Amino acid sequence: MSPSSPPARPLPGHYRSAAVIGGTHGLGRALALAARDRGLRTVVYGRSAASVPDPDGLLPRSLDLCDPQSVRTAPVDVPSPAYVLWVAGAFLKKALAETTEDEVERLTRLLFSGPVLFLRRLLAEAEDPVHLITIASSSSWKRRERESLYCGLKAAQATFVRNLVPELLAAHPENRITLVNPGGLAVPDFHTGLALDFGTMMDPGEVAEIVWNIAADQRRAFTEVQILRSRAPGSEGTPEVSYGARAPQAPEEPGADATAGETASTPIRHH
Ligand SMILES: NC(=O)c1ccc[n+]([C@@H]2O[C@H](COP(=O)([O-])OP(=O)(O)OC[C@H]3O[C@@H](n4cnc5c(N)ncnc54)[C@H](OP(=O)(O)O)[C@@H]3O)[C@@H](O)[C@H]2O)c1
């Protein structure tokens, strides 16, 4: 936190820790640092956990979501009650016909089956209440080109989490779930090889603060939120927050791809 930043808003209740799956880099690291600033004991999971040069008070743990053995054995003990954050991911822009079998398997493990299996262990270990915060993507509902696998897995993540709500509530009435669909973030490592203007994309630290403030204010069991970047001249890349799920964009819709305004679609549900 920079000296000029406002102090982190306190979180409600008596949460003691945060476990961030994919907390070593990018948005996950920003979410983890913001959790630490809120006084939470913060565990960060990732392949590079062992080599994080300056853990900054975070507790790194090695986890490779593409390796079933690692998913089965990485430690899941965290002080309860805990926030659990599902953030890990990687991007793939490739037509399906050009995608190898290995790429399909690895991305499916990273974006879906690995986290589902790891969450199964984490949630079983954590004592209630638990607050699950999931970072899906606006790609779960937007029309994209040459991104069918990435978008499909992000939509699966979002649908999975929505349908986890009843059973988490049955387990404990104070359990909470937050589903976040961000638009483009200024994380060059995520967009490797793509020539993008990161000056028009959202700052991960700013988005992390928004996510924690939404979590702090959440009273309902489930909240779904879109955090999309403004394309308005003069405020490009400013995060714009709206609540509720979005209807999937029509695949043949002209001009609805990434070149169109991220905040142009109509939300189908507000609360
Ligand atoms: N960047 C965007 O524009 C954008 C937009 C919308 C949504 N998102 C979503 O936001 C999330 C974070 O993305 P980011 O931009 O912050 O990307 P990032 O900087 O590349 O971070 C990805 C995180 O996932 C972890 N990870 C990658 N492969 C892993 C594996 N096999 N096992 C365990 N952890 C692994 C990485 O840790 P290690 O390298 O240590 O393994 C890292 O902590 C992703 O789910 C992404 O889909 C991103």
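Small disclaimer: the values here were computed from a predicted structure and weren't measured. (Residues numbered from 1 in each chain as written. Predicted model: local features only at pLDDT ≥ 70, side-chain atom pairs only at ≥ 80, totals over all residues. Heavy atoms only, no water.)

Visitor: What should I look at first to understand the pattern of salt bridges in this one?
Guide: Where charged atoms from two side chains of opposite charge approach closely, those side chains can pair. The final tally for this structure, using the stated rule, is ten salt bridges. Residue glutamate 145 pairs with arginine 143 through a salt bridge whose shortest N-O separation is 2.9 Å. In this structure glutamate 145 comes out as partly exposed when scored by relative accessible area, which is 40%. In this structure arginine 143 comes out as buried when scored by relative accessible area, which is 16%. One salt bridge in this structure joins glutamate 147 and arginine 144, with 3.9 Å as the shortest N-O distance. (Salt bridge = Lys/Arg side-chain N within 4 Å of Asp/Glu carboxyl O. Buried < 20%, exposed > 50% of the residue type's maximum accessible area, 1.4 Å probe, protein only.)

Visitor: Can you walk me through the site of the ligand in this structure?
Guide: In the region of the ligand, 29 residues are neighbours, and Leu27, Arg47, Ser48, Val87 and Tyr150 sit closest. Side-chain polar atom of arginine 47 to an oxygen atom of the ligand: 2.7 Å apart, as the coordinates give it. Interatomic distance of 2.7 Å between a side-chain N/O atom of tyrosine 150 and an oxygen atom of the ligand. Protein coverage of the free-state accessible area of the ligand, which is 890 Å², stands at 94%. Breaking the shell around the ligand down by element, the ones donating at least two residues are α1 (26–37) and α4 (148–171). For the shell around the ligand, the class distribution of residues is 14 nonpolar, twelve polar and three charged. (Near = heavy atom within 4 Å. Polar contact = N/O pair within 3.5 Å; in protein donor to acceptor, adjacent residues only side chain to side chain. Areas by Shrake-Rupley, 256 points an atom, 1.4 Å probe, with all protein chains shown as cover. Helix = DSSP H or I, 4+ residues; strand = E, 2+ residues; numbered from the N terminus. Nonpolar A, V, L, I, M, F, W, Y, C, P; charged D, E, K, R; others polar.)

Visitor: Help me understand the packing of α1 against helix α5 (residues 204–217), please; the structure alone is not making it clear to me.
Guide: In a packed pair of helices, the relevant descriptors are the angle between the two axes and the axis-to-axis distance. For the pair α1 and α5, interaxial distance at closest approach is 8 Å and the crossing angle is 55°. Classed by the angle they form, the pair α1 and α5 counts as oblique. Every pair of crossing elements has a handedness; the one defined by α1 and α5 is right-handed. Touching Gly26, Leu27, Ala30, Leu31, Ala34 and Ala35 of α1 are Pro204, Gly205, Val207, Ala208, Glu209, Val211 and Trp212, all from α5. Taken together, the residues that form the contact of α1 with α5 break down as ten nonpolar, two polar and one charged. (Axes fitted to C-alpha atoms, helices over the stretch in contact; angles between N-to-C directions. Parallel < 35°, antiparallel > 145°, perpendicular 65-115°, else oblique. Left-handed = near helix turned anticlockwise from the far one by under 90°. Contact = heavy atoms within 4.5 Å.)

Visitor: Sorry if this is basic, but what is going on with the nonpolar core here?
Guide: As a rule of thumb, nonpolar side chains are buried together in soluble globular proteins. With 38 residues, the main nonpolar core has Ile21, Tyr45, Leu63, Leu65, Phe118 and Leu122 as its most contacted residues. At the level of secondary structure, the elements contributing two or more residues to this core comprise β1 (17–21), β2 (41–46), β4 (82–86), α3 (101–125), β5 (130–135), α4 and β6 (176–182). Tallying contributions element by element places α4 first for this core, with eight residues. Discounting chain neighbours no more than four positions away, the residues touching phenylalanine 118 are Ile21, Tyr45, Leu63, Leu65, Val71, Ala74, Pro75 and Val76. (Core = buried A, V, L, I, M, F, W, Y, C linked by side-chain atoms within 4.5 Å.)

Visitor: Would you mind showing me how to read unusual backbone geometry here?
Guide: Excluding glycine, a negative phi dihedral is what most residues carry, and trans is how most peptide bonds are arranged. Here the amide bond leading from serine 80 into proline 81 is cis, since omega sits at -5°, within 30 degrees of zero. If you trace the backbone, proline 81 turns up in the loop between α2 (68–73) and β4. For the bond from aspartate 128 to proline 129, the omega torsion is 0°, close enough to zero to count as cis. Position of proline 129 among the secondary structure elements: in the loop between α3 and β5. Even without a glycine there, the phi angle at arginine 146 is positive, about 60°. For arginine 146, a relative accessible area of 43% corresponds to the partly exposed category.

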